[in-house]
Amino acid sequence: MKQIVFARIDDRLIHGQVMTAWLKQCDANEVVIIDNELCKDTFVVMMMKSLIPSTISLKVFNDTDAAAYLKEDGKGEKILILVKTPQVILTLLNNGVKLEYLNVGGMGMKAGRSKLYKNIAASDEEREVFRELRKMELMMKVQVVPTEKAEDLGKYL
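Cut-off values and rules
- Residues numbered from 1 in each chain as written.
- Predicted model: local features only at pLDDT ≥ 70, side-chain atom pairs only at ≥ 80, totals over all residues.
- Heavy atoms only, no water.
- 1 Å grid on protein atoms, 1.4 Å probe; cavity = no way out; pocket = protein on both sides within 12 Å on 5 of 7 lines; lining within 4 Å.
- Points joined across faces, edges and corners; volume = space filled by probe spheres on them.
- Helix = DSSP H or I, 4+ residues; strand = E, 2+ residues; numbered from the N terminus.
- Nonpolar A, V, L, I, M, F, W, Y, C, P; charged D, E, K, R; others polar.
- Buried < 20%, exposed > 50% of the residue type's maximum accessible area, 1.4 Å probe, protein only.
- UniProt positions renumbered as here; feature names shortened; annotations may be inferred.
- Core = buried A, V, L, I, M, F, W, Y, C linked by side-chain atoms within 4.5 Å.
- Pairing = 2+ DSSP bridges.
- Contact = heavy atoms within 4.5 Å.
- Axes fitted to C-alpha atoms, helices over the stretch in contact; angles between N-to-C directions.

### Concerning the layout of surface pockets
Part 1 of the reasoning: Its boundaries defined by the atoms lining it, the largest pocket holds a volume of some 160 Å³.
Part 2 of the reasoning: Lining the largest pocket, in full, are Met1, Lys2, Gln3, Ile4, Val5, Phe6, Ala7, Lys98, Leu99, Glu100 and Tyr101.
Part 3 of the reasoning: Here the lining of the largest pocket gets five residues from one element, more than from any other, and that element is strand β1 (residues 3–10).
Part 4 of the reasoning: For the lining of the largest pocket, a count of residues per class yields seven nonpolar, one polar and three charged.

Here it is, written out as structure tokens:
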């Protein structure tokens, strides 16, 4: 299995905090975005590739292909996973991908979501998925930037 050094929910995916703070923090050399819609948009994927350092590989998969890729033998990859919702993480775990830690960083307010913690919002369905992930003993912490104290997500479910 490939080495996953960090998994993060952030509905903005590639942006300044991820590129400057989290990549340095986890020493990743590959970013894997898992999004069933984005993987079909070659133009946006090309734009995202232009936003990350040339020393970092970027791959964008749907959740099924991501699970297969992440279970392959590693070749020195240190992977930072980025997803928009907890449902994707649940799909990965249900497909045999091993994760020990999930960083919840950016889930903005939108229709159907209510405040979960500070500027983090979640729908009822997303809260239920977080509870399911907790039952699977996945450690989940809310932490928008590395300099913030990480808070146990379970306290807010």
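### Comments concerning unusual backbone geometry
Part 1 of the reasoning: Phi is positive for Leu13, close to 55 degrees, though the residue is something other than glycine.
Part 2 of the reasoning: Overall, Leu13 belongs to the buried group, its relative accessible area being 2%.
Part 3 of the reasoning: Its identity as a non-glycine residue notwithstanding, Lys118 has a phi of 45 degrees, on the positive side.
Part 4 of the reasoning: As for its position among the elements, Lys118 is in the loop between β6 (114–117) and β7 (120–122).
Part 5 of the reasoning: A relative accessible area of 56% places Lys118 in the exposed class.

### Let's talk about the UniProt feature "domain: PTS EIIB type-4" (unreviewed entry) in the protein
Part 1 of the reasoning: Those places that UniProt annotates as "domain: PTS EIIB type-4" (unreviewed entry) correspond, in this numbering, to residues 1–157.
Part 2 of the reasoning: Between the end C-alpha atoms of residues 1–157 the distance is 31 Å, and the span holds 32% helix and 27% strand.

### Concerning the nonpolar core
Part 1 of the reasoning: Counting 36 residues, the largest nonpolar core has Ile81, Leu102, Phe130 and Leu133 as the members making the most contacts within it.
Part 2 of the reasoning: With five residues, helix α4 (residues 86–94) is the largest single contributor of residues to this core.
Part 3 of the reasoning: By size, the runner-up hydrophobic cluster in this structure holds 20 residues, among which are Met19, Trp22, Cys26 and Val31.

### Topic: the sheet that holds strand β8 (residues 139–142)
Part 1 of the reasoning: Strand order across the open sheet formed by seven strands is β3-β2-β4-β1-β5-β8-β9, with mixed pairing between neighbours. One side of each edge strand has no neighbouring strand; the edge strands of this open sheet are β3 (57–61) and β9 (151–152).
Part 2 of the reasoning: One ladder, built from three bridges, connects β1 with strand β5 (residues 101–106); its direction is parallel. Residue pairing across strands places Arg8 opposite Asn103, the latter belonging to β5.
Part 3 of the reasoning: Packed onto the sheet, helix α1 (residues 16–26) meets β1, β2 (30–34), β4 (78–83) and β5 and runs at close to 150 degrees relative to β1.
Part 4 of the reasoning: α4 contacts β1, β2, β4 and β5 of the sheet and is inclined by roughly 130 degrees relative to β4.

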